[in-house]
Amino acid sequence: MGKLQDKVAVITGGASGIGAATARLFVSEGAKVVLVDLNEEKGKAFEKELKTLNAEALFIKANITSEEDVANIFKQTVEAFGTVDVVFNNAGIGRVHPSHDLEYSEWRNTVNVDLDGVFLVARESIREMLETGGGTIVNTASMYGWVGSPGSAAYNAAKGGVINLTRSLALEYADKNIRVNSLCPGFIDTPIIPEDDKQTLAGMTPMKRLGLADEMAKAVLFMASDDSSYMTGNSLIVDGGYTAQ
Ligand SMILES: NC(=O)c1ccc[n+]([C@@H]2O[C@H](COP(=O)([O-])OP(=O)(O)OC[C@H]3O[C@@H](n4cnc5c(N)ncnc54)[C@H](O)[C@@H]3O)[C@@H](O)[C@H]2O)c1
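Since the structure is predicted, the reported quantities are computational estimates derived from the model, not experimental observations.

**Student:** What's the story with the nonpolar core in this structure? I'm lost.
**Tutor:** Buried together is how nonpolar side chains tend to be arranged in soluble globular proteins. Counting 33 residues, the largest nonpolar core has Val 10, Ile 73, Phe 74, Val 87, Ile 137, Leu 169 and Ile 178 as the members making the most contacts within it. Of all elements in the fold, only strand 1 (8–12), strand 2 (32–37), strand 3 (57–61), helix 3 (67–81), helix 4 (104–132), helix 5 (153–173) and strand 6 (178–185) reach the threshold of two or more residues within this core. For this core, the element with the highest residue contribution is helix 4, accounting for seven residues. In this structure, Ile 137 is in contact with Val 87, Ala 122, Ser 125, Ile 126, Met 129, Ile 178, Arg 179, Val 180 and Asn 181, ignoring residues within four places of it in sequence. By size, the runner-up hydrophobic cluster in this structure holds 28 residues, among which are Leu 4, Leu 35, Ala 57 and Leu 221.

And the structure:
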């Protein structure tokens, strides 16, 4: 028996990086996975790859900032698999830019995806889980939700918001069998990090390397499964020691 045997897991940002690694691990633990992403080409190819491994997988193209798209994710998931047990609320964007020169539209776009989008997916997840008797939600925040860094004010503000959104939702639904936690990655080797920055970021990390998406997936599995059955409202920092400095 896998740790997520026969559970239905929705994973946003599921076509790439941390989301894709988590989908692979969830499938190996018996889950049926719904991959949600804006990137249709990558999402469809990954759905196909998982199906060749005999996994039950479904790709849904959606923008997490659209209420209509988010409602459709859950409608399609229930139509295909009957229920939603786990939501890895993970899609996000990030870009480094000096704050005094940051266009308001750029600020809005970052906060819209990294905070508003996370709220929309969490809200729809909770609506579904209230109907079915519960579930687990793991939001992706960041170590930059805990500490500041130059040049990513919008991202850091949004990720700090995700950490406190997580606490608030956890408290609101703690007695409804819905657990809500968040993952706070350090610098992880995924396409979100420009190739040219990788060496510098590894050097800034006490463990002197970037984290791997697979290492994030294991932390997500812990929070998504019964292994963390008494944990809610928490944020798990997995950052090679960065925030211990
Ligand atoms: N890699 C890191 O160093 C790092 C560190 C801390 C936090 N994070 C967070 O981890 C999460 C996953 O990032 P990743 O590193 O795997 O990057 P990634 O770029 O590999 O994956 C992010 C995915 O989200 C999708 N996406 C972006 N905007 C979307 C939208 N509006 N609707 C639907 N899908 C959308 C992208 O198409 C992409 O496939 C993000 O929330 C990111 O902020 C990453």
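**Student:** Would you mind going over the packing of aromatic side chains with me for this structure?
**Tutor:** For any pair of aromatic rings, the description consists of the separation of the ring centres together with the inter-plane angle of the planes. Following the criterion strictly, the structure yields three aromatic pairs and no others. Each ring, one from Tyr 144 and one from Tyr 242, has its centre 6.1 Å from the other, and the planes form 80 degrees; the classification is edge-to-face. One end of the pair, Tyr 144, is in the loop between strand 5 (135–140) and helix 5; the other, Tyr 242, is in the segment after strand 7 (235–238), and 98 residues separate them in sequence. By relative accessible area, Tyr 242 is classed as buried at 13%.

**Student:** How do you make sense of the site of the ligand when you look at a structure like this?
**Tutor:** Around the ligand there are 27 residues in total, and Ser 16, Ile 18, Asp 37, Ile 188 and Thr 190 lie nearest to it. In this structure, an oxygen atom belonging to the ligand sits 2.6 Å away from a side-chain N or O atom of Asp 37. Summarising the interface, the protein chains cover 92% of the accessible area of the ligand, which totals 820 Å² for the free molecule. For the shell around the ligand, the secondary structure elements donating two or more residues are helix 1 (17–28) and helix 5.

Definitions and cut-offs
- Counting restarts for each chain, with residues numbered from 1 along the sequence as it is written.
- Totals for whole chains, interfaces and linings use all residues, but because this is a predicted model, local features are given only for residues with pLDDT of at least 70 and pairs of side-chain atoms are given and counted only at 80 or more.
- Side-chain calculation: all heavy atoms of the structure are included, whereas hydrogens and water are not.
- For the purposes of this section, nonpolar cores are sets of buried Ala, Val, Leu, Ile, Met, Phe, Trp, Tyr and Cys residues that join through side-chain atoms within 4.5 Å.
- The rule is simple: take the accessible area with a 1.4 Å probe, protein chains only, and divide by the maximum for that residue type; under 20% is buried, over 50% is exposed, in between is partly exposed.
- Going along the chain from the N terminus, every DSSP run of H or I of four or more residues is numbered as a helix, and every run of E of two or more is numbered as a strand.
- Contact between two residues is taken to exist if any of their heavy atoms lie within 4.5 Å; hydrogens are not considered.
- For Phe, Tyr and Trp, rings pair up if their centres lie within 6.5 Å, where Trp contributes its six-membered ring, and each pair is then called stacked (planes under 30 degrees apart), edge-to-face (over 60) or tilted (otherwise).
- Near residues are defined by distance, with any heavy atom within 4 Å of the molecule or strand qualifying the residue.
- Contacts described as polar in this section are N or O atom pairs within 3.5 Å, which, within protein, must combine one atom able to donate a hydrogen with one able to accept it, while residues neighboring in sequence count only if both atoms come from side chains.
- A 1.4 Å probe and the Shrake-Rupley method give the accessible areas. Residues count as covered only by the protein chains that appear here.

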